[in-house]
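Inside the fold
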Amino acid sequence: MKADLHLHTTASDGRLEPREIVHLAVKVGLDVIAITDHDTIDGVALALTAAKAFPSLMVIPGVEINTDVPDGEVHVLGYFIDYTDRKLATVLRRLRDSRQGRALRMITELRSLGMEIEWQRVRELAQDGSVCRPHIAQALLEAGYVASLKEAFDKYIGHNGPAYVEREKVLPVEAVGLIIGAQGLPVLAHPADIGDLNKLVSELKAAGLVGIEVYYGNYGPDVTNKLLGIAQQYGLVPTGGTDYHAFGDSSEVMIGEALAPAQSVERLLALADKHSLELIK
Ligand SMILES: [Zn+2]
Ligand SMILES: [Zn+2]
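Model, not experiment: these values are computed from the prediction. Each chain has its residues counted from 1, following the order in which its sequence is written. As a convention, the first chain written is A and the first ligand written is 1, with the rest following in written order. Reporting of local features is limited, given that this is a predicted model, to residues whose pLDDT is at least 70; pairs of side-chain atoms are given and counted only at 80 or more, and all residues count toward the totals for whole chains, interfaces and linings.

Things to note about the overall build of the chain
In plain terms, the rule: In this description a helix means any DSSP run of H or I spanning at least four residues, a strand means any run of E spanning at least two, and both kinds are numbered starting from the N terminus. Three exposure classes are used, based on other C-beta atoms lying within 10 Å of a residue's own C-beta, which is placed from the backbone: buried for 20 or more, exposed for 12 or fewer, and partly exposed in between. Placing C-beta atoms from the backbone, we regard two residues as in contact once those atoms come within 7 Å.
Scanning the chain from N- to C-terminus turns up 11 helices and 7 strands. Considered along the principal axes of its C-alpha atoms, the chain spans approximately 55 × 45 × 40 Å. Going through the 281 residues of the chain one by one, you find that 47% of them count as buried. Long-range contacts, defined here as pairs at least 24 residues apart, represent 71% of the contacts in the chain between residues at least 6 apart.

Next comes the structure, spelled out in C-alpha cells:
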C-alpha cells in the first residue's frame, strides 16, 4: 500500500487543483492520499468527487492547521475530519480572514523596504484559496526581488524576517481540540524542528493527539528514527507524507516520495472506525 498523507491543493498554497492532485496520485501509483490544506477544507469535497472515477484510490478528508508557539509555528494535521462540520468551517474561516489581514500587512512592510508587490497579484497567485506566505514569496520572486522562494523566507518573510507579521494566535492544543470536535484524528506535522518536542507531544497526547509525522519530505534516516522513537514512547501512530505543493522548485520532494507505512494507515482507519473505503466515499 502506497500512502502519501500530506498534500496541498489550490484550496491553500498548492499549485494543483484537488482534481489534478487526484489524477497525479493515480498516475504515480498511490493507493491512499490525504488532502491537507492549510486552515481550509475547501479542497476535500472536490478531491473526493474526482476520486470517484478511481475506485482503487482512497482519499482521506484532512486539514493542516497552522498554530503558534513562542519560537515559531507548529502544524497539526487532522485526518478523517467531518468536512461538513460547520463549527470547523467557521473557525477555519476566521483563521483565513486573519491570514488575509496579515498578508496585507506584510505587503505594506515589504513596500516600506522598497519592494513593490501588488495585493492583486498575490491574490491571483492564491487562486481563490487562502493567501499564504508562499504566495507573497512567489510575488517577490516574479518581481525579481529574490532568486528563490527560500530566499524570500530567509531574507524577508520568515519568522525573523523584517517583513514578517504575526497572525491571530492558535495554540497547538486548540487545533487538536478543533480536529477532535470535527471527528478527526489529530497528528503532529513535520515535528523535527520543534524546540521542546517531548513537552509538546506529551501535552498534545493528553489532549487527544493520535499520531506524529515521521516519514516526511526530505527527513533522513537519523531524523526519522528519532521521531519513530518518540512515536513509540507516546503510543502515537507514525504517519508520513511529502507535503507536496507542486511548487515546481527543484528541491521539492515529489508526491509519493515519502510514504506512511501500510500498518500506520490501518491503525488510522481503525481509530477512525472506517474499515472500508465505502465509508469514506
Ligand atoms: Zn506544514
Ligand atoms: Zn503541509
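Digging into the domain arrangement of the chain
Put simply, the test is: Where each domain starts and ends follows an automatic or database-derived domain assignment. The residue classification treats Ala, Val, Leu, Ile, Met, Phe, Trp, Tyr, Cys and Pro as nonpolar and Asp, Glu, Lys and Arg as charged. All others, Gly included, are polar.
Looking at the chain, the domain boundaries give domain 1 (3–83 + 172–280) and domain 2 (92–157). Using C-alpha coordinates to define each centre, domain 1 is positioned 25 Å away from domain 2. Across the contact, 10 residues belong to domain 1 and 11 residues belong to domain 2. When the residues that make up the side of domain 1 that touches domain 2 are grouped by side-chain class, the tally is 3 nonpolar, 4 polar and 3 charged.

Examining helix α3 (residues 86–112)
Which entries qualify depends on this criterion: Under the convention used throughout, the expected extent of a helix is 1.5 Å for every residue step, that is, one less than its residue count.
Its 27 residues place the ends of α3 39 Å apart at the C-alpha level, agreeing with the 39 Å of an ideal helix rising 1.5 Å per residue. Among the residues making up α3, those that are buried are Leu88, Leu92, Leu95, Arg96, Arg99, Ala103, Met106, Ile107 and Leu110. Residues of α3 that are buried make contact with α4 (119–126), α5 (133–142), α6 (149–157) and α7 (172–181). One or two positions beyond α3, positive phi appears at Gly114, with a value near 95°.

As for the pairing of strand β3 (residues 58–69)
Put simply, the rule reads: When DSSP finds two or more bridges between a pair of strands, those strands are recorded as paired.
Most of β3 sits inside the fold, with 10 of its 12 residues counted as buried. Pairing geometry for strand β2 (residues 32–35) and β3, over 4 bridges, is parallel. Within β3, the residue paired with Ile35 across the bridge is Pro61. Examined bridge by bridge, β3 and strand β4 (residues 72–79) share 8 bridges and lie antiparallel to one another. Residue pairing across strands places Thr67 opposite Val74, the latter belonging to β4. Hairpin connection from β3 to β4: 2 residues lie between these consecutive antiparallel strands.

Concerning the sheet that holds strand β7 (residues 237–241)
Here is the rule we go by: Only the stretch in contact is used when a helix axis is fitted, and all axes are lines through C-alpha atoms; the angle between N-to-C directions ranges over 0 to 180 degrees.
Sheet architecture is open: 7 strands sit in the order β1-β2-β3-β4-β5-β6-β7, paired in mixed fashion. The two strands at the open ends of the sheet, each matched to only one other strand, are β1 (3–7) and β7. Going from strand to strand, the sheet's axes swing by 35° on average, the running direction of each strand aside. Packed on one face of the sheet, helix α2 (residues 44–51) meets β2 and β3 and runs near 160° to β3. Together, β3, β4 and β5 (185–188) form the strand contacts of α7, whose direction differs from that of β4 by roughly 15°.

A short note on the environment of Ser112
Note that Ser112 resides in helix α3. A residue is classified by how many C-beta atoms lie within 10 Å of it, and Ser112, with 10 of them, is exposed. Spatially, the C-alpha atom of Ser112 lies 8.9 Å from that of Ala163, the residues being 51 residues apart in sequence.

Concerning α7
Put simply, the rule is: What the arc describes is the spread of directions from the helix axis to the C-beta atoms.
Along α7, the residues classified as buried are Pro172, Ala175, Val176, Leu178 and Ile179. Along the long axis of α7, the arc covered by the buried residues comes to 165°, so they all point the same way. Summarising the contacts, the buried residues of α7 are in contact with β3, β4, α3, β5 and α8 (197–207). Backbone geometry just downstream of α7 places Gln183 in the positive-phi region, at approximately 60°.

Section: the confidence of the model for the chain
Put simply, the rule is: pLDDT is defined as a per-residue confidence score from the predictor, taking values between 0 and 100.
Counting all residues, the mean pLDDT for the chain is 93, and 97% of those residues have values of 70 or more. In this model residues 275–281 is a low-confidence stretch, pLDDT under 50, and it forms 9 contacts with partners more than four residues away in sequence or in other chains.

Re the nonpolar core
The line we're drawing: Only buried Ala, Val, Leu, Ile, Met, Phe, Trp, Tyr and Cys residues enter a nonpolar core, and they are joined through C-beta atoms within 7 Å.
Ile33, Val59, Val76 and Tyr79 are the most contacted members of the largest nonpolar core, which has 65 residues in total. It is β3 that contributes the most residues to this core, 5 residues altogether. Ile107, Cys132, Ala137 and Val146 belong to the second-largest nonpolar core, a separate cluster that totals 18 residues.

Regarding unusual backbone geometry
Positioned with a positive phi, Asp243 is a non-glycine residue whose angle comes to about 65°. Judged by local crowding, Asp243 falls into the buried class, with 24 C-beta atoms found within 10 Å. Of note, the phi angle at Ala246 is positive, near 60°, even though the residue is not glycine. Counting through the fold element by element, Ala246 comes out in the loop between β7 and α10 (262–272).

Looking at the environment of Lys205
If you trace the backbone, Lys205 turns up in helix α8. Assessed through the 18 C-beta atoms surrounding it within 10 Å, Lys205 is described here as partly exposed. Between the alpha carbons of Lys205 and Arg19 there is a distance of 34 Å; along the sequence they are 186 residues apart. Setting aside chain neighbours within four positions, we find Lys205 in contact with Tyr234 and Leu236.

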